[in-house]
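What follows is each chain in one-letter form.
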Amino acid sequence: MAECHPVGFQWVMEAKARGATIIHVDPRFTRTSAMADIHVPIRAGTDIAFLGGIVNYILQHDRCFQEYVVQYTNASCILREDFKDTEDLDGVFSGWDRKKGMYDETSWQYEGIDGEVPAAGHKEIVPAGSKDEVRGKNAKEIPRDPTLQHPRCVYQILKKHYARYTPQMVADICGIAPEQVVRVAEELCRNSGRERTGAFCYAVGWTQHTVGVQYIRTASIIQLLLGNIGRPGGGIMALRGHASIQGSTDIPTLFNLLPGYISMPHAEHDQYREYLNTNTAGVGFWSKFESYFVSLMKAWFGDAVNRDNDWGFHWLPAITGDHSHMTTVADMVDGKVKGYFVMGENPAVPPQPMSRRTARSPTRSASCNGITKRSSRPATAAAISTSPTNSACASRSFTRARARAATSRSVASCGVTRPRASTARPIRKPYSPRSTGGPPSIAGRSPPTPS
Amino acid sequence: MGLFKVLGSWPLARQVAKGDATGLDGTAYSARTETLRPRTENADAVVKSICPYCAVGCGQQVFVKDGRILDIEGDEDSPISRGRLCPKGAATFQLVTGNHRVHHCLYRKPRGTDWEVIPLEQAMEMVAQRVRKTRDETWEARDHKGKSVQRTMGIAHLGGATLDNEENYLLKKLYTALGILQVENQARI
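Draft legend 1. Representation of the overall build of chain B within the structure. Per the secondary structure count, chain B includes seven helices and eight strands. At 28 Å, chain B has a C-alpha radius of gyration far larger than the 16 Å of a compact globule built from 189 residues. Counting only residues that meet the buried cut, chain B has 29% of its 189 residues in that class. In chain B, of all internal contacts separated by at least 6 residues, the share reaching a separation of at least 24 is 29%.

Draft legend 2. Examining the overall build of chain A more closely. Along the backbone of chain A there are 15 helices and eleven strands. Counting all 451 residues of chain A, 33% fall into the buried class. Residue pairs in contact within chain A that sit at least 24 positions apart in sequence constitute 65% of those at least 6 positions apart.

Draft legend 3. Structural detail: the packing of helix 3 (residues 47-60) of chain A against helix 6 (residues 167-174) of chain A. Residues and elements named next belong to chain A. Relative orientation of the contacting elements helix 3 and helix 6 amounts to 165 degrees, with a least axis distance of 9 Å. Classified by the angle between their axes, helix 3 and helix 6 sit roughly antiparallel to one another. For helix 3 against helix 6, the interelement crossing comes out left-handed. From helix 3, Ala49, Phe50 and Gly53 reach across to helix 6, where they touch Pro167, Val170, Ile173 and Cys174. Residue composition of the contact of helix 3 with helix 6, grouped by class: six nonpolar, one polar and no charged.

Draft legend 4. Geometry of the pairing of strand 8 (residues 180-185) of chain B. Residue and element names in this part refer to chain B. Most of strand 8 is tucked away, with six of its six residues classed as buried. As judged from the five bridges shared by strand 7 (residues 148-159) and strand 8, these two strands associate in the parallel manner. In the sheet register, Thr152 faces strand 8, and the bridge partner there is Ile180. Each parallel crossover has a hand, and the one from strand 7 via helix 7 (residues 165-178) to strand 8 is right-handed.

Draft legend 5. Examining the pairing of strand 9 (residues 339-343) of chain A more closely. Across the five residues of strand 9 of chain A, five count as buried, placing the element largely inside the fold. Because side chains alternate across strand 9 of chain A, one face comprises the buried residues Gly339(A), Phe341(A) and Met343(A), and the other comprises Tyr340(A) and Val342(A), equally buried. Examined bridge by bridge, strand 9 of chain A and strand 7 of chain B share five bridges and lie parallel to one another. Counted as the bridge partner of Gly339(A) is Ile155(B) from strand 7 of chain B.

Draft legend 6. Structural context of the sheet that holds strand 2 (residues 59-65) of chain B. Residues and elements named next belong to chain B. Taken in spatial order, the three strands make up an open sheet running 1-2-3, and their pairing is antiparallel. With one partner strand each, in any of the chains shown, strand 1 (45-50) and strand 3 (68-74) form the two edges of the open sheet. Pairwise comparison of adjacent strand axes, ignoring direction, gives a mean angle of 30 degrees for this sheet. Where strand 2 meets strand 3, six bridges bridge the pair, whose relative direction is antiparallel. Across the sheet, residue Val62 finds its bridge partner in strand 3, namely Ile72.

About the thresholds
Residues numbered from 1 in each chain as written. Chains lettered and ligands numbered in written order. Predicted model: local features only at pLDDT ≥ 70, side-chain atom pairs only at ≥ 80, totals over all residues. Helix = DSSP H or I, 4+ residues; strand = E, 2+ residues; numbered from the N terminus. Rg over C-alpha atoms; globule rule 2.2 N^0.38 Å. Buried ≥ 20, exposed ≤ 12 C-beta atoms within 10 Å, placed from the backbone. Contact = placed C-beta atoms within 7 Å. Axes fitted to C-alpha atoms, helices over the stretch in contact; angles between N-to-C directions. Parallel < 35°, antiparallel > 145°, perpendicular 65-115°, else oblique. Left-handed = near helix turned anticlockwise from the far one by under 90°. Nonpolar A, V, L, I, M, F, W, Y, C, P; charged D, E, K, R; others polar. Pairing = 2+ DSSP bridges. Right-handed = clockwise from strand over helix to strand, strands pointing away.

Right under this line is the structure:
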């Protein structure tokens with residue numbers, strides 16, 4: 001953070017001046033580590049074990065914020081009787097179908113709920129009513145145990161699941177001393193509760209992993225157990241590297257959401273009433289779903305919408321599944337997408353499976369240009385300009401001809417423009433993380449002596 | 001007389017005359033240095049803005065004269081940055097005025113190998129015509145199950161993380177009203 005968000009880091013130094021403890025968990029010793037009180041040099045990619053060790057410490061020593069956990073999390077909810085944890089089934093959860101290579105999530109649900117309660121981020125894509133999904137007003141009362149003692153309550157299952165992450169096991173996996181895990185966990189626990197809060201800050205050090213989601217979710221478990229979510233000075237801060245990544249998700253320019261995280265209508269529910277019923281919750285923020293929807297439609301269409309035309313609901317396009325980036329690019333290869341607007345983005349840099357795939361497509365009559373390595377001169381303004389570069393394209397064909405070598409400029413992570421020799425590469429060369437100038441590997445160095 | 005004047009303008013002599021032991025009180029200035037002024041001194045206006053780079057969102061002051069940017073500096077009034085900028089933010093000036101910026105609309109004909117410069121009005125007209133034509137050709141009122149979808153799958157969008165909230169809002173509003181569904185963003189990728 002000191003190197004990549006230095007102006008933000010002044011506040012970390014301010015907190016330190018007021019007595020905060022700064023803990024830096026990073027295989028490298030950077031300028032942030034120099035300013036930190038504790039530096040934990042875990043092996044790259046071992047964060048699941050490290051965070052698991054902290055969860056285990058909290059649960060084994062009963063250091064969670066009891067009232068918060070009971071009132072504001074699902075720790076007291078009781079799961080179905082046929083749920084089995086990885087500890088019972090030697091590494092898999094219940095519902096594993098070996099032949100299909102997939103989980104059947106029925107046994108993971110709460111007791112007494114007839115159907116599945118979908119996870120966040122999933123419900124916008126899959127229409128309610130499919131796969132017996134229940135949500136909104138259809139979700140019934142979930143049985144709870146406020147004492148957190150019921151053997152099938154989420155809290156006890158969590159305790160059993162994380163019991164294996166002992167300090168010694170974490171030390172073996174992460175390449176640190178057991179005392180370091182205990183020290184970090186103790187610092188976190190000591191600084192959480194009713195009077196104090198602690199925050200986690202992360203950036204691409206967590207997200208640029210295939211298991212990045214697991215790291216962040218485990219950090220969420222820690223923060224929920226300690227009662228740090230939704231409180232000043234707490235939470236999990238994602239230090240996003242761009243000015244408007246979050247805005248692009250909130251506003252959003254995504255296929256499955258309308259501004260303010262309202263779901264796009266799904267073709268399965270093409271009646272206004274159905275759409276409302278599946279998206280309105282019984283209590284809480286989303287119980288006022290209709291107000292938010294009407295507010296949006298009035299902002300967009302003004303007086304043209306009213307109660308008689310269902311507030312313009314039928315003017316909205318409906319999704320029928322996954323229309324995300326990869327699906328769209330696959331459709332381009334099949335010639336279904338005739339035009340592409342690319343704004344403020346240069347997907348040809350760095351090399352991505354997407355651009356290689358579109359580059360390989362056989363000659364077709366439709367699909368787009370400009371964003372692939374096929375273009376003679378990729379829109380360099382898109383890479384370094386902050387204002388959106390609108391390169392709308394007409395129908396054109398792909399050929400199998402090799403991309404011509406082109407000089408282009410790319411903005412390196414330190415903000416210095418440097419010319420790149422060629423954006424064109426032989427397509428057969430496999431993608432290598434080192435080619436994009438990723439962080440140096442620590443392989444081959446001896447682990448640092450624990451302090 | 002000339003020699004006296006030359007000796008008098010010698011920095012050491014000036015230091016002694018002024019009692020300036022450290023040489024910091026302007027006694028070391030040359031005649032040219034005396035005439036120098038900050039670029040921003042005769043700006044017409046100062047526009048408050050936010051740094052376009054990372055998520056910290058430091059405040060910036062953009063000094064403008066005659067419709068051109070003179071300089072971009074940190075904004076003391078910002079509670080987030082308190083006037084500080086990192087090296088990237090401090091160099092925002094070159095992002096706007098650097099010679100790598102493209103200033104014209106470029107068009108490459110189908111199967112063409114060269115870009116040609118076209119005026120903005122012509123480019124906008126071409127884009128609008130293509131959007132209209134493609135939308136009409138690929139319009140889907142109902143899907144294969146007979147459900148109402150009211151969309152076109154023939155046009156898609158990919159946005160970046162430097163599009164600000166206002167731009168994102170207008171994009172989403174335009175595309176949704178046109179029935180363009182495949183709207184994606186770097187945020188997801």
